[in-house]
Amino acid sequence: MSLVLDAAAQDLLFREARTANSFSDEPVTEEQVQAIYDLVKFGPTAFNQTPLRITLVRSAEARERLVKHMEEGNKAKTAAAPLVAILSADNEFHEELPQLLPHFPQAKDAFFSERPVRERAALLNGALQAAYFIIGVRAAGLAAGPMTGVDFAGVQKEFLDADHTPLMVVNIGKPGENAWFPRSPRLDFDQVITTV
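Residues numbered from 1 in each chain as written. Predicted model: local features only at pLDDT ≥ 70, side-chain atom pairs only at ≥ 80, totals over all residues. Heavy atoms only, no water.

Regarding the overall build of the protein chain
So, step 1. The helix and strand tally for the protein chain stands at nine helices and four strands.
So, step 2. Secondary structure of the protein chain in N-to-C order comes out as α-α-β-α-α-β-α-α-α-β-α-β-α.
So, step 3. Buried positions account for 40% of the 196 residues belonging to the protein chain.
So, step 4. Total accessible area on the protein chain is roughly 11300 Å²; 57% of this is exposed by carbon and sulfur atoms.
So, step 5. Side chains of the protein chain give 19 positive and 26 negative charges; the mean places of these two sets differ by 2 Å. (Helix = DSSP H or I, 4+ residues; strand = E, 2+ residues; numbered from the N terminus. Buried < 20%, exposed > 50% of the residue type's maximum accessible area, 1.4 Å probe, protein only. Areas by Shrake-Rupley, 256 points an atom, 1.4 Å probe, with all protein chains shown as cover. Lys, Arg positive; Asp, Glu negative; His and termini not counted. Charge placed at Lys NZ, Arg CZ, Asp CG, Glu CD.)

Listed below in structure tokens is the structure:
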């Protein structure tokens, strides 16, 4: 095999990992979330942008406020998950570029002075970081249940502000009973890869 990552790690992160639809009641600790973030923050983005923002929904009151914005099929599992994270993109990420790109601090104004440009960049790079976050959850031995079946306008109004665009809601925890749907098919190599 051509991969350096051992087979067990490949299984943990990709082949055996699935979107969880139920979770045990074992809590997800702050230490686990810190370890996940400390790993995935190194995932590459354009200009070293870091637009991803993570809102951890822990309190019963906040969970209730979130559940009302979930589509019907996502309400019960979001109410029951040990931890729920709202992933959003900060459209004002460019303010941090002088810190994150010290060799090219002028990138902040040279490339990102206009809001529509920042919104497109935040959406793309925030989505990249969200994918890294999901892999990080798996690396911690937990399961993730990412969802876009959400009233995003309601979530933004309830939890965020006009500078933050919600990307997805992710349930996090140890898988519970009957956590997995059957694996859906994937496209084959020849359906995806073109060599020119």
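Here's the deal with the pairing of strand E4 (residues 164-173)
So, step 1. Most of E4 is tucked away, with nine of its 10 residues classed as buried.
So, step 2. Pairing geometry for strand E2 (residues 83-90) and E4, over eight bridges, is antiparallel. Paired with Ala89 across the two strands is Thr165, which belongs to E4.
So, step 3. Both strand E3 (residues 143-147) and E4 contribute to a ladder of five bridges, which runs antiparallel. Bridged to Ala143 within E4 is Gly173. (Pairing = 2+ DSSP bridges.)

Some points on empty space enclosed by the protein
Over the atoms, a rolling probe the size of a water molecule traces out where space has been left empty.
So, step 1. According to the stated counting rule, one finds one cavity of 30 Å³ or more in the structure shown.
So, step 2. One number sums up the size of the largest cavity: a volume of about 30 Å³.
So, step 3. Along its surface, the largest cavity is lined by Tyr37, Val40, Lys41, Leu52, Gln129 and Tyr132.
So, step 4. Those elements that place two or more of their residues in the lining of the largest cavity are helix H2 (30-40) and helix H7 (115-139).
So, step 5. Considering only residue class, the lining of the largest cavity consists of four nonpolar, one polar and one charged. (1 Å grid on protein atoms, 1.4 Å probe; cavity = no way out; pocket = protein on both sides within 12 Å on 5 of 7 lines; lining within 4 Å. Points joined across faces, edges and corners; volume = space filled by probe spheres on them. Nonpolar A, V, L, I, M, F, W, Y, C, P; charged D, E, K, R; others polar.)

A short note on the sheet that holds E2
So, step 1. Spatially, E1-E2-E4-E3 is the arrangement adopted by the four strands of the open sheet, whose pairing is antiparallel. Only two strands of the sheet have a single partner each, and these edge strands are strand E1 (52-57) and E3. On average, adjacent strands in this sheet sit at an angle of 30 degrees to one another, irrespective of strand direction.
So, step 2. In the packing of H7 onto the sheet, contacts are made with E1, E2, E3 and E4, and the angle to E4 comes to roughly 5 degrees.
So, step 3. Lying on the sheet, helix H8 (residues 152-159) is in contact with E2 and E4; it crosses E4 at an angle near 90 degrees. (Axes fitted to C-alpha atoms, helices over the stretch in contact; angles between N-to-C directions. Contact = heavy atoms within 4.5 Å.)

Thoughts on the environment of Ala35
So, step 1. Along the polypeptide, Ala35 turns up in helix H2.
So, step 2. On the basis of relative accessible area, Ala35 is assigned to the partly exposed category, the value being 48%.
So, step 3. As a C-alpha pair, Ala35 and Leu66 span 31 residues in sequence and 25 Å in three-dimensional space.

Quick look at the packing of aromatic side chains
So, step 1. Enumeration over the complete set of coordinates arrives at five aromatic pairs.
So, step 2. For the ring pair Phe47 and Phe111, a centre distance of 4.9 Å and an interplane angle of 45 degrees mean the geometry is tilted. Here Phe111 lies in helix H6 (residues 107-112) and Phe47 lies in the loop between H2 and E1, a separation of 64 residues in the sequence.
So, step 3. What makes Phe47 partly exposed here is its relative accessible area of 30%.
So, step 4. Measuring from centroid to centroid gives 5.2 Å for Phe93 and Phe112, while their planes differ by 70 degrees, and the two rings are edge-to-face. Here Phe112 lies in helix H6 and Phe93 lies in the loop between E2 and helix H5 (97-100), a separation of 19 residues in the sequence.
So, step 5. When its relative accessible area of 0% is taken as the criterion, Phe93 is described as buried.
So, step 6. Using a relative accessible area of 4% as the deciding quantity, one classes Phe112 as buried.
So, step 7. Pairwise contacts between aromatic rings join Phe47, Phe93, Phe104, Phe111 and Phe112 into one cluster. (Phe/Tyr/Trp six-rings, centres within 6.5 Å; stacked < 30°, edge-to-face > 60°.)

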